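# Structural overview
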Amino acid sequence: MRTVIAVFLMALSVTALSIPWVRRLALRTGFVDSPAKRKMHSTPMPLLGGVAIFGGAVLAVIAFVPAFPNTVAGVLLSLTVVALVGLLDDRYGLPAWAKLAGQFLGFLILTLFDIHVKLPIPQLLNYTITFVWLAGISNAINFLDNMDGLSAGVSGVAAAFIMLLGLQNDQFLVAGLAAAVFGACLGFLRFNFKPAQIFMGDTGSLFLGFILALLGLQLRFPANSSFVTWMVPIFILGLPIFDTTLVVVSRLRRGVSPNTAGKDHLSHRLVQRGFSQREAVLLLYLLTGASGMIGVFVTEATVVEGYLIFGTLLLLGGATMWQLDKPV
């Protein structure tokens, strides 16, 4: 427990203290996000916040888990690859296929260290499920990075729930990695909450999405059946999953490419309905927390309870999506 707290505090401190430095570096080297019609900011914003998030989280893990097993080395290597692809995208604007290729390379590194879904099904399906989950959550967190403080805050809340569940089930490596993410998100949020002074860029959003997806896969609940607990990570990361689904379905319905940027995310729709940007972001934090609490409940739910909750939330999510996609 002490190690987990130490990891959290170091990640928070390193990230927060490094932000002013990376902000100046971003402005000097041209790592900035210029204003555009589809964007919310009106002045060029530094984009290297993700470097501080990555550095704070990774340094905290290395400092306090010196004798970590090979699996953690594989995790750190895969995360480094994904973060580097995000950094290149922040600088040069990579096409979608290049970012997906970077996520695939990160996935391949994990498989070399035997980190993947291990269901009693053909191995190819296990690999497919693993990659689809990793890439899906990575891009969902990337999609969610559309308003000051949103992606960092939601990622921080999700990481806090993963840390809690890791501690409850004696998964101290999972809890330590989640604590590093939680601390790094809070350290960054100090400078990213509206009015933001720096953005995380794809370096941060792809890194956060990839590690949260990976940690969700690694959660284990020996006291309950995996026939129920498989849905726990889906609840913890339910907000970014819902947002991405809403955007993709809405754009396909309108004949627009899902990769096209636009102000049609859940946060934008809340603002269109009268919420301020801060209110919309705080409401989404609250919804992430509520979804995470449902995930905690499901860890001890019976099969019937688990699937009733899952089915109810699917119906509620579908109805909410239909309502939100109506014109204001």
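In this report, we go over the structure that sits alongside the text.

About the criteria used
- Residues numbered from 1 in each chain as written.
- Predicted model: local features only at pLDDT ≥ 70, side-chain atom pairs only at ≥ 80, totals over all residues.
- Heavy atoms only, no water.
- Helix = DSSP H or I, 4+ residues; strand = E, 2+ residues; numbered from the N terminus.
- Rg over C-alpha atoms; globule rule 2.2 N^0.38 Å.
- Buried < 20%, exposed > 50% of the residue type's maximum accessible area, 1.4 Å probe, protein only.
- Lys, Arg positive; Asp, Glu negative; His and termini not counted.
- Charge placed at Lys NZ, Arg CZ, Asp CG, Glu CD.
- Polar contact = N/O pair within 3.5 Å; in protein donor to acceptor, adjacent residues only side chain to side chain.
- Contact = heavy atoms within 4.5 Å.
- Expected span 1.5 Å × (residues − 1).
- Core = buried A, V, L, I, M, F, W, Y, C linked by side-chain atoms within 4.5 Å.
- Phe/Tyr/Trp six-rings, centres within 6.5 Å; stacked < 30°, edge-to-face > 60°.
- Lys NZ or Arg CZ within 6 Å of the ring centre and 35° of its normal.

Moving on, we come to the overall build of the protein. Along its length, the protein carries 14 helices and two strands. Scaling as 2.2 N^0.38, a compact globule of 328 residues should have a C-alpha radius of gyration of about 20 Å, and the protein matches this with 19 Å. Viewed in the frame of its principal axes, the protein has a C-alpha envelope of about 50 × 50 × 35 Å. Every one of the 328 residues in the protein was classed for burial, and the buried ones make up 53%. Of the side-chain charges in the protein, 21 are positive and 14 negative, and the distance between the mean point of each set is 9 Å.

At the junction of Lys 194 and Pro 195, the peptide bond is cis and its omega measures out at 0° in the coordinates. Position of Pro 195 among the secondary structure elements: in the loop between helix H7 (172–192) and helix H8 (201–218). At Asp 114, a residue that is not glycine, the phi angle is positive and equals roughly 60°. Looking at the secondary structure, you find Asp 114 in the loop between helix H4 (96–112) and helix H5 (123–144). Residue Asp 114 is classed as partly exposed on the basis of its relative accessible area of 45%.

Mapped onto the elements, Asn 192 comes out in helix H7. Of note is the side chain of Asn 192, whose polar atom sits 2.9 Å from the backbone nitrogen of Gly 149. Residues contacting Asn 192, with those up to four places away along its chain left out, are Asp 148, Gly 149, Ala 152, Ile 198 and Phe 199.

This part covers helix H14 (residues 303–324). The first and last C-alpha atoms of H14 sit 31 Å apart over 22 residues, in line with the 32 Å expected at 1.5 Å per residue. Residues of H14 that are buried sit in contact with helix H9 (226–229), helix H10 (232–236), helix H11 (238–253), helix H12 (266–272) and helix H13 (277–298).

The next subject is the nonpolar core. Ranked by internal contacts, the top residues of the largest apolar core, which has 91 residues, are Ile 162, Phe 207, Leu 208, Leu 212, Ile 236 and Leu 266. Residue contributions to this core peak at 13 residues, all from H7. When near neighbours in sequence (up to four residues on either side) are disregarded, Leu 212 contacts Ile 141, Ser 155, Ala 158, Ala 159, Ile 162, Val 181 and Leu 237.

On to H4. Taking 1.5 Å of rise per residue, the 17 residues of H4 would be expected to cover 24 Å, and the 25 Å separating its terminal C-alpha atoms lies within 8% of that figure. Within the sequence span of H4, burial applies to Ala 98, Lys 99, Gly 102, Gln 103, Gly 106, Phe 107, Ile 109, Leu 110 and Thr 111. Residues of H4 that are buried make contact with helix H3 (70–92), H5 and H8. Directly after H4, the chain includes Asp 114, whose backbone phi takes a positive value near 60°.

Per the stated rule, a full pass over the model turns up ten aromatic pairs. Note on Phe 107 and Tyr 127: the rings are 6.4 Å apart at their centroids and 75° apart in plane angle, and the pair reads as edge-to-face. Here the residue Phe 107 occupies a position in helix H4, and Tyr 127 occupies one in helix H5, the gap between them amounting to 20 residues. Of the residues examined, Tyr 127 reaches a relative accessible area of 29% and is grouped as partly exposed. With a centroid separation of 5.5 Å and 55° between ring planes, the pair formed by Phe 107 and Phe 131 is classed as tilted. A residue pair is termed long-range when its members are at least 10 positions apart, and Phe 107 in helix H4 and Phe 131 in helix H5 qualify at 24 residues. Over the face of the ring belonging to Phe 31 we find Arg 91, whose NZ or CZ atom lies 4.9 Å from the ring centre. Positioned above the aromatic ring of Phe 191 is the side chain of Arg 190, whose terminal nitrogen or guanidinium carbon lies 5.0 Å from the ring centre.

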